[in-house]
Structure formats: structure tokens, C-alpha cells
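# Understanding the architecture of this molecule
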Amino acid sequence: MSVRDRRYSIRYPFAADVELLDMESGTRITGVTSDISMGGIFVCTSKPMALNSRTRVTLTRKDQKVEALGIVRIVKPRIGMGVEFIDVEAPYDAVLFRWVELLRKSR
């Protein structure tokens, strides 16, 4: 089964700055999202983390921020990685919902 078949949330094109902190090694990676859903993001970065890495995700767009815990589910070398959100706590869950809802309505 492909990743697309396993997805439970529709992804929408979305650009936000993202910083990821590997929870084991402490390595920080920055990039830009190419898409977003309530379940995760794709991060464009030339140095993606390893598959199944647990990470703290910080998304920033304009004056809004979303912080979440995530896990790397797919890696495309020198292109980026798909990160599934494991936990998005308040108040960030409301910001994420608002971003995705605006994208959904604009389609």
C-alpha cells in the first residue's frame, strides 16, 4: 500500500517555514513545507532526517505558529520528507485547523 493510500487527510499546497528538532540526536533541520493536512506536512529540505525519526516540528507563517510532535514517514533524498503529526496541542491545533480550513474553502 502506498503512502497516498494510507493517508487519512487531504493535503493542500501550503508554504510555511519549518524547523525540525530530532528528539534523539538534537539535530536541527530547516526547510519549507510544500503541503499540509491535519495529519502532517511535506518538508522540502536538502538534508531530510532518517525514516521513523521522532521530531519536534515548528511551523511559522506570517505571525502564526504551530508546534507539534511528529514522525518521519517518508524520505526522498535531497528533496525532503513527509512528517506525520503525532500530537498537536492547544492552542496550536486551532491554528492548524484554521490554516487547513482556509485552504479547503479556497479550492
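Here, every reference points to the structure presented above.
To start, this report covers the structure provided alongside it.

## A short note on the overall build of the protein
Looking only at helices and strands, the protein has 2 helices and 7 strands in total. Counted from the first residue to the last, the protein has its helices and strands arranged as α-β-β-β-β-β-β-β-α. In terms of overall dimensions, the protein is globule-like: its C-alpha atoms have a radius of gyration of 13 Å, near the 13 Å expected for 107 residues. The dimensions of the protein, computed from C-alpha atoms along their principal axes, are 35 × 35 × 20 Å. By the burial criterion, 40% of the 107 residues in the protein qualify as buried. In the protein, of all internal contacts separated by at least 6 residues, the share reaching a separation of at least 24 is 52%. Accessible area of the protein: about 6,600 Å², with a carbon and sulfur share of 52%. When the 18 basic and 13 acidic side-chain charges of the protein are each reduced to a single mean position, those positions are 6 Å apart.

## Let's talk about the packing of aromatic side chains
According to the stated counting rule, one finds 1 aromatic pair in the structure shown. Ring centres of F14 and W99 lie 5.0 Å apart, and the angle between their planes is 40 degrees; this geometry places the pair in the tilted category. Remark: W99 occurs in helix 2 (residues 92–105) and F14 occurs in the loop between strand 1 (12–13) and strand 2 (17–22); sequence separation between them is 85 residues. Judged by its relative accessible area of 5%, W99 is buried.

## Notes on unusual backbone geometry
The residue after A90, namely P91, is reached through a cis peptide bond having omega 5 degrees. Its location among the elements puts P91 in the loop between strand 7 (80–87) and helix 2. In this structure, N52 takes a positive phi of about 70 degrees despite not being glycine.

## A look at helix 2
A rise of 1.5 Å per residue sets the reference length of helix 2, with its 14 residues, at 20 Å; its end C-alpha atoms lie 20 Å apart and thus fit the reference within 8%. Those residues of helix 2 not exposed but buried are V95, L96, W99, V100, E101 and L103. Looking at the buried residues of helix 2, the elements they touch are strand 1, strand 3 (28–36), strand 5 (54–61), strand 6 (64–76) and strand 7.

## Some words on the pairing of strand 5
Across 6 bridges, strand 2 lies against strand 5 in antiparallel orientation. Across the sheet, residue D22 finds its bridge partner in strand 5, namely T55. Summarising the sheet, strand 5 and strand 6 pair through 8 bridges and their orientation is antiparallel. Note that in strand 6 the partner of R56 across the bridge is L69. Here strand 5 folds back onto strand 6 in antiparallel fashion, the turn holding 2 residues, of which K62 has a positive phi close to 55 degrees.

## A look at the pattern of salt bridges
Within this structure, the stated rule accounts for 4 salt bridges. R73 is the salt-bridge partner of E84, the closest N and O atoms lying 2.6 Å from each other. Of this pair, E84 sits in strand 7 while R73 sits in strand 6, placing them 11 residues apart in sequence. Overall, the relative accessible area of 24% leaves E84 in the partly exposed class. R104 is the partner of E101 in a salt bridge, and the nearest nitrogen-oxygen pair spans 2.5 Å.

About the cut-offs
Residues numbered from 1 in each chain as written. Predicted model: local features only at pLDDT ≥ 70, side-chain atom pairs only at ≥ 80, totals over all residues. Heavy atoms only, no water. Helix = DSSP H or I, 4+ residues; strand = E, 2+ residues; numbered from the N terminus. Rg over C-alpha atoms; globule rule 2.2 N^0.38 Å. Buried < 20%, exposed > 50% of the residue type's maximum accessible area, 1.4 Å probe, protein only. Contact = heavy atoms within 4.5 Å. Areas by Shrake-Rupley, 256 points an atom, 1.4 Å probe, with all protein chains shown as cover. Lys, Arg positive; Asp, Glu negative; His and termini not counted. Charge placed at Lys NZ, Arg CZ, Asp CG, Glu CD. Phe/Tyr/Trp six-rings, centres within 6.5 Å; stacked < 30°, edge-to-face > 60°. Expected span 1.5 Å × (residues − 1). Pairing = 2+ DSSP bridges. Salt bridge = Lys/Arg side-chain N within 4 Å of Asp/Glu carboxyl O.

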